[in-house]
Structure formats: structure tokens, C-alpha cells
Amino acid sequence: MVTATIVIICILTVLLILIVLVQNSKGGGLAGEFGGLGSNQLMGVKKTTDLLEQITWGLGIGVMVLSMASYIMIDRNQATGINSANVDRAQTQTLPGAAAPTPAPSAANGAAPSQAAPGAATPGASTSALTPQK
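Just so it is clear, the structure is predicted and the values come from calculations on it, not from any experiment.

1. Digging into helix H1 (residues 2–22)
Between its first and last C-alpha atoms H1 spans 30 Å; for 21 residues at 1.5 Å apiece the expected length is 30 Å, and the two agree. All buried positions along H1 are accounted for by Thr 5, Ile 9, Leu 12 and Ile 19. In a view along the axis of H1, the buried residues occupy a sector of 90°, so they form one face of it.

2. Quick look at the UniProt feature "transmembrane region" (unreviewed entry) in the chain
The sites that carry the UniProt feature "transmembrane region" (unreviewed entry) are, in the present numbering, residues 55–74. End C-alpha to end C-alpha, residues 55–74 measures 28 Å, and it is 95% helix and 0% strand.

3. A look at the side chain of Thr 56
You can see Thr 56 is positioned in helix H4 (residues 45–73). Within polar-contact distance, the side chain of Thr 56 engages the side chain of Gln 23 at 2.3 Å. If sequence neighbours within four positions are ignored, Thr 56 has contacts with Leu 16, Ile 19, Val 20 and Gln 23.

4. So, a nonpolar patch on the surface
Side chains of Val 7, Ile 11, Val 14, Leu 15, Ile 17, Leu 18 and Leu 21 sit close together on the surface and give an oily, nonpolar patch of about 620 Å² of accessible area. Among the structural elements, Leu 15 can be located in helix H1. Accessibility expressed as a relative area gives 40% for Leu 15, which makes it partly exposed.

5. Focus: the side chain of Thr 5
Note on placement: Thr 5 falls in helix H1. Judged by relative accessible area, which is 7%, Thr 5 ranks as buried. Within the structure, the side chain of Thr 5 is placed 2.9 Å from the backbone oxygen of Met 1, a separation counted as a polar contact. In this structure Thr 5 touches Leu 66, Ser 70 and Met 73, once residues within four positions along its chain are discounted.

6. Examining the nonpolar core
Listed in full, the six residues of the largest apolar core are Ile 9, Leu 12, Ile 19, Leu 52, Leu 59 and Val 63. Where this core is concerned, the elements lending two or more residues are H1 and H4. Not counting the four nearest positions on each side in its chain, Leu 12 is found in contact with Leu 59, Gly 62, Val 63 and Leu 66.

The rules behind each value
- Residues numbered from 1 in each chain as written.
- Predicted model: local features only at pLDDT ≥ 70, side-chain atom pairs only at ≥ 80, totals over all residues.
- Heavy atoms only, no water.
- Helix = DSSP H or I, 4+ residues; strand = E, 2+ residues; numbered from the N terminus.
- Expected span 1.5 Å × (residues − 1).
- Buried < 20%, exposed > 50% of the residue type's maximum accessible area, 1.4 Å probe, protein only.
- Arc of directions from axis to C-beta.
- UniProt positions renumbered as here; feature names shortened; annotations may be inferred.
- Polar contact = N/O pair within 3.5 Å; in protein donor to acceptor, adjacent residues only side chain to side chain.
- Contact = heavy atoms within 4.5 Å.
- Patch = residues over 30% accessible without salt bridge, like charges linked within 9 Å, V, L, I, M, F, W, Y side chains within 5 Å.
- Areas by Shrake-Rupley, 256 points an atom, 1.4 Å probe, with all protein chains shown as cover.
- Salt bridge = Lys/Arg side-chain N within 4 Å of Asp/Glu carboxyl O.
- Core = buried A, V, L, I, M, F, W, Y, C linked by side-chain atoms within 4.5 Å.

If you want it as C-alpha cells, here you go:
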């Protein structure tokens with residue numbers, strides 16, 4: 001239903017743009033260009049302006065009413081903002097090489113600092129691809 005409302009809003013907006021372009025402005029518009037031959041005899045300039053103005057107001061009011069209606073129709077009680085398989089996969093997947101953090105041995109636990117697990121990095125030590133490993 002919301003999609004149909006949005007499509008109708010788009011159609012009304014295009015029609016509104018076309019009607020505004022056709023209207024006769026102060027400096028002359030497309031209505032003066034196309035209506036030079038027969039529109040003055042058929043409808044008269046004043047009646048054409050009144051009709052185009054009424055159509056413009058009607059389309060403008062229609063776009064506003066449908067925009068408010070679509071705002072009311074949108075469900076704002078969704079649990080998550082984004083429904084995507086990639087977001088779900090990223091939330092459940094663990095990083096490669098990330099292990100559970102091991103507590104650093106301390107003197108209170110009875111372990112000496114030299115008895116750390118092999119391969120565990122000491123705090124503050126950084127390894128780089130440019131520095132050779134020892």
C-alpha cells in the first residue's frame with residue numbers, strides 16, 4: 001500500500017512540474033508559446049490561467065495529503081533498522097584470529113611473568129611486517 005502511494009505521489013509530482021512549466025508567468029511562459037494560434041479564440045487567456053492555477057493547487061494539495069498519509073502508513077515499530085543478510089552474518093561471525101582474551105599472569109596468581117603462554121604478546125609490544133621476527 002505504501003509503495004502504491006509513493007508511485008501516485010511521483011506521478012502527481014511530474015504532472016505538477018509540467019503544469020507549472022505550462023503556466024503563463026510575468027515574462028511569458030510556455031502557455032504563451034503554444035497558445036498563440038487558437039487558444040485565445042477557444043478558451044480565452046484568463047480562463048486558461050484560472051484552470052491551470054486550479055490544477056496546480058489541486059495537484060499540490062494532493063501531493064501533500066498523500067505524503068502525510070504515507071508517513072502515517074509506514075511501520076515505525078520495527079525491531080531493527082536494517083534487514084539484510086550481510087548485517088545478520090556480520091553480527092554473528094567472529095573475526096579470524098581473534099581469540100578469547102587471556103588474563104595476564106600476575107604475582108597474585110602465583111605465576112611469574114616469564115611463564116606466559118608461548119606466542120602471547122606482551123602489552124605495549126608491537127610487531128610489524130617491516131621488522132624481522134626474532
